[in-house]
Amino acid sequence: MTELTELRTVRRRYVTVCALLWLPSGLGLASMVLLFSERGMSLAAVAGLFAAHSLTVAALELPTGGLSDVLGRRPVLAMAGALNVVAFTLVGLGTTAWVLTAGMVLMGAARALASGTAEAWYVDTVQAHSGPDAELRTGLARGGSATSAALAAGILLGGALPWLLGLGPDLGGRLSEATSGAVLPLSVPILLAAAVRGVSVCYVLAALREPPRQPATLRSVLRGVPVTVLDGLRLGGRDALVRRVLLTAAAVGSALATIELLIPGRTVELTGAPGSGAMVYAALACAGFVCNGVGSHLAPLAARIAGRDERAVLVCLGTGAGGMLLLGVTATTTHPLATALTVVGFCLLYLGIGAASPNQNDLLHRRVTSAGRATALSVQSLALQLVGALAGLVVGALRPGPLPWLLTGAALLSGALLWLRRVEARSAPDTTTTPGSRAGMT
């Protein structure tokens, strides 16, 4: 294989892994909030379940990022998939608060294990082939587009399945009766997500080959993980650009938490029924993720037009903040014009976030070495998840209306304004892989 062919293979496998990782999340996203409501959970209880997920991610982000840096990307991704199979099964079948909480906690643990690991594998492998100055933005953008496409397809399918099961002979009702209420029509997409995660485990084990690294032992893992975690925290404290990335992730987390918690209820208010509400939410979320994928695909173009990555991040996040403000302005009415503006705001949010992410992560990867790459991504995800969990609790306690949207929109705008000033460009001091080395791709 020529080097160009090998790099294309790496990119294709990274895109495939991104799709398999996020398709199950899309399947569950359309129906999970509504399923919890059907199980008798109040909005505050639903917010608590999502907080349990987010806080679990927050607690495990750094240790699992360090584990990925020490143990390797492939085994950690496989562990994440196995945990997710169990988690989706518990959430899909659980009928009590403690079972649903256990499922959300396991889902959070799996999310922490997978957080940044596939991206770290891609960057490590590309840099092993082409050196530390290898072009990364295109692959990161395509991975982001694959993620968004998988989420869009998953949420569309996940929203359509409960609706389809209610048509004709009412297979959903029969299924619920046959399982004594354990499997509702809203449960089916989540159980399908468990099956897809099983497929992703098989693909990771079969297709991902890592650049050479020192064999991991139990002693090296126990000693290496805490050191790697501390190095990641120190990097966030001493590097101005990394601090911007973390604060931006926090702002994005608050916006996404608000979307996930409040939009399903707005679609049910619009349609008047949970089943049709899930279908409308699925269509809306699908449009949002399509916009996110388009934004990610356009990230290299945005950087070229803006002149530098920092300015591109500023413009893109500002666009997303404008979308949040539109959602706030239209929060108290279902007038057709307001509904149209709601859709526009929703899509602007996802378009802006999608275009900003590859540009800021391109800057981040040039600041860190392979030995701490997954940890740096975990610190970024930690900021998003932790602030998202706290924002979800605050939003769940506030009265419905414009205020939750305007508060999180202002937070996202503040994150955009952090990129007004340029930070001196510099690369990581070293890497743990040799630029001329080759990792097996077959």
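Residues numbered from 1 in each chain as written. Predicted model: local features only at pLDDT ≥ 70, side-chain atom pairs only at ≥ 80, totals over all residues. Heavy atoms only, no water.

## Points about the pattern of salt bridges
Then, number 1: Considering all chains together, one arrives at 1 salt bridge under this definition.
Then, number 2: The salt bridge involving Asp124 is made with Arg73; its shortest N-O contact spans 2.6 Å. With Asp124 in helix H6 (residues 117-130) and Arg73 in helix H4 (residues 73-93), the pair connects residues that are 51 residues apart, well separated along the chain. Each member of the pair, Asp124 as well as Arg73, is classed as buried. (Salt bridge = Lys/Arg side-chain N within 4 Å of Asp/Glu carboxyl O. Helix = DSSP H or I, 4+ residues; strand = E, 2+ residues; numbered from the N terminus. Buried < 20%, exposed > 50% of the residue type's maximum accessible area, 1.4 Å probe, protein only.)

## Some points on the confidence of the model for the chain
Then, number 1: Taken over all residues, the pLDDT of the chain has a mean of 80, while the share at 70 or more is 83%.
Then, number 2: Between residues 429-442, whose pLDDT stays under 50, and residues either more than four places distant or in other chains, the model counts 38 contacts. (pLDDT = per-residue confidence, 0-100. Contact = heavy atoms within 4.5 Å.)

## Describing the side chain of Ser145
Then, number 1: Within the secondary structure, Ser145 is located in helix H7 (residues 137-165).
Then, number 2: Ser145 sits in the buried class, given a relative accessible area of 18%.
Then, number 3: In this structure the side chain of Ser145 is engaged in a polar contact, spanning 3.3 Å, whose partner is the backbone nitrogen of His297.
Then, number 4: Beyond its immediate stretch of four places on either side in the chain, Ser145 contacts Gly293, Ser296 and His297. (Polar contact = N/O pair within 3.5 Å; in protein donor to acceptor, adjacent residues only side chain to side chain.)

## Regarding the packing of H7 against helix H15 (residues 336-365)
Then, number 1: Packing of H7 against H15 brings their axes to within 9 Å, and their N-to-C directions diverge by 135 degrees. Our classification of the angle between H7 and H15 gives oblique. The interaxial crossing formed by H7 with H15 has right-handed handedness. Facing H7, whose interface residues are Arg137, Leu140 and Ala141, H15 presents Pro358, Asn359, Asn361, Asp362 and His365.
Then, number 2: A class-by-class count of the residues in the contact of H7 with H15 yields 3 nonpolar, 3 polar and 2 charged. (Axes fitted to C-alpha atoms, helices over the stretch in contact; angles between N-to-C directions. Parallel < 35°, antiparallel > 145°, perpendicular 65-115°, else oblique. Left-handed = near helix turned anticlockwise from the far one by under 90°. Nonpolar A, V, L, I, M, F, W, Y, C, P; charged D, E, K, R; others polar.)

## Some details on a nonpolar patch on the surface
Then, number 1: Taken together, the side chains of Val290, Val294, Leu298, Leu301 and Ile305 define a hydrophobic patch exposed on the protein surface, amounting to about 430 Å² of accessible area.
Then, number 2: Residue assignment for the nonpolar patch shows that the elements contributing at least two residues are helix H12 (274-297) and helix H13 (299-306).
Then, number 3: Note that Leu301 resides in helix H13.
Then, number 4: Leu301 gets classed as partly exposed once you look at its relative accessible area, which sits at 39%. (Patch = residues over 30% accessible without salt bridge, like charges linked within 9 Å, V, L, I, M, F, W, Y side chains within 5 Å. Areas by Shrake-Rupley, 256 points an atom, 1.4 Å probe, with all protein chains shown as cover.)

## Quick notes on the packing of aromatic side chains
Then, number 1: As enumerated under the stated definition, the model contains 3 aromatic pairs in all.
Then, number 2: Aromatic pair Tyr14 and Tyr122: ring centres 4.7 Å apart, planes at 20 degrees, arrangement stacked. Of the two residues, Tyr14 sits in helix H1 (residues 3-29) while Tyr122 sits in helix H6, which places them 108 residues apart along the sequence.
Then, number 3: Tyr122 sits in the buried class, given a relative accessible area of 1%.
Then, number 4: Ring geometry for Phe36 versus Phe50: centroids 6.1 Å apart, planes at 70 degrees, classification edge-to-face. With Phe36 in helix H2 (residues 32-38) and Phe50 in helix H3 (residues 43-71), this residue pair connects regions lying 14 residues apart in the sequence.
Then, number 5: The ring of Trp419 is capped by Arg244, whose NZ or CZ atom sits 5.8 Å from the centre of that ring. (Phe/Tyr/Trp six-rings, centres within 6.5 Å; stacked < 30°, edge-to-face > 60°. Lys NZ or Arg CZ within 6 Å of the ring centre and 35° of its normal.)

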